[in-house]
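Chain by chain, the residues run as shown.
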Amino acid sequence: MTPAKIEIENLSLKFADRQVLNQINLYIPANQVTAFIGASGCGKSTLLKCINRLNDLKPQCDIEGAIRIDHEDIYQKNYDVTELRRKVGMVFQVPNPFPTSIYENVVFGLRLLGIRKRHHLHEAAEKSLRQAALWDEVKDQLNQNALQLSGGQQQRLVIARALAVEPNILMLDEPASALDPISTLKIEELITELKQTYTILLVTHNMHQAARVSDFTAFLDQGRIMETGHTRDLFTNPRHKATEDYITGRYA
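Residues numbered from 1 in each chain as written. Predicted model: local features only at pLDDT ≥ 70, side-chain atom pairs only at ≥ 80, totals over all residues. Heavy atoms only, no water.

(A) Spotlight on the nonpolar core. With 38 residues, the main nonpolar core has Leu 129, Ile 159 and Leu 170 as its most contacted residues. In terms of residue count, helix α6 (residues 151-164) provides more of this core than any other element does, seven residues in total. (Core = buried A, V, L, I, M, F, W, Y, C linked by side-chain atoms within 4.5 Å. Buried < 20%, exposed > 50% of the residue type's maximum accessible area, 1.4 Å probe, protein only. Helix = DSSP H or I, 4+ residues; strand = E, 2+ residues; numbered from the N terminus.)

(B) Broad picture of the sheet that holds strand β9 (residues 216-221). Spatially, the six strands line up as an open sheet ordered β6-β7-β8-β3-β9-β10, and their pairing is mixed. Edge positions in the sheet fall to β6 (88-91) and β10 (224-230), since each has one partner strand and no second. Taken over all neighbouring pairs, the strand axes of this sheet differ in orientation by 15° on average, direction set aside. Note: β6 against strand β7 (residues 169-173), four bridges, orientation parallel. The residue of β7 that forms the bridge with Gly 89 is Leu 170. (Pairing = 2+ DSSP bridges. Axes fitted to C-alpha atoms, helices over the stretch in contact; angles between N-to-C directions.)

(C) Fine view of unusual backbone geometry. Even without a glycine there, the phi angle at Asn 31 is positive, about 60°. By the element assignment, Asn 31 lies in the loop between β2 (18-28) and β3 (33-37). Owing to a relative accessible area of 28%, Asn 31 belongs among the partly exposed residues under this scheme.

(D) A look at helix α4 (residues 118-131). Taking 1.5 Å per residue, 14 residues should reach 20 Å; α4 reaches 20 Å between its end C-alpha atoms and fits that length. When we look at burial in α4, the residues that qualify are Leu 121, Ala 124, Ala 125, Ser 128 and Leu 129. Projection of α4 onto a plane perpendicular to its axis shows the buried side chains occupying an angular sector of 125°, all on one side. After α4 finishes, the residue Ala 133 shows a positive phi value of roughly 55°. (Expected span 1.5 Å × (residues − 1). Arc of directions from axis to C-beta.)

Remember that the coordinates give geometry; whether it matters functionally is a separate question.
Written out as structure tokens, the structure is:
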């Protein structure tokens, strides 16, 4: 498992006649947190889903351009999409644990990959729960139904489930927006820890969160990238007025 860099070149996407992304060009470095910010409907989550090809599942989706992960175009013919989704883990806004045990949630993806040896599953479960900063809280109740966990614990469990299959990239779509401040802090601390091992993409509406945890930021507006750069530079000295208006709350 090696953190991956991502290169997006001239990416455009339409759903039927609605243009959602328009000529996106972006370089995403490995072992860093890259935040996508912008108003609702600007294309942040759609761009995220292009990187693991979840948009392919939607009707009348037309995509042009290229996305290369470590120089390999994921939209080339005969690309293994199942393997892509193993390499690119994704966590959504609302925690979505399965209605089964904590343990079975974590090893679910491994079982899908055909891994059956008990010691392998046990080791992977503990490792992933430790990475997700959840092991100490649940190690004595792994057979408990995951739905009994708090919202913050459920979100960290879902992150552990994504990590268990050893991805290269972890994508987080508003991972803390439904959580209380204490749980949000734990998720942010976790993101900072995980970038040592993974390339992380974060979609957030929370400007303070983007400023706290991301290394790079891309500001999207109406399906286009308006500005990118080191987070500190973009937040303190934006080059475009639209960026400044958005991060200062004057955007309309």
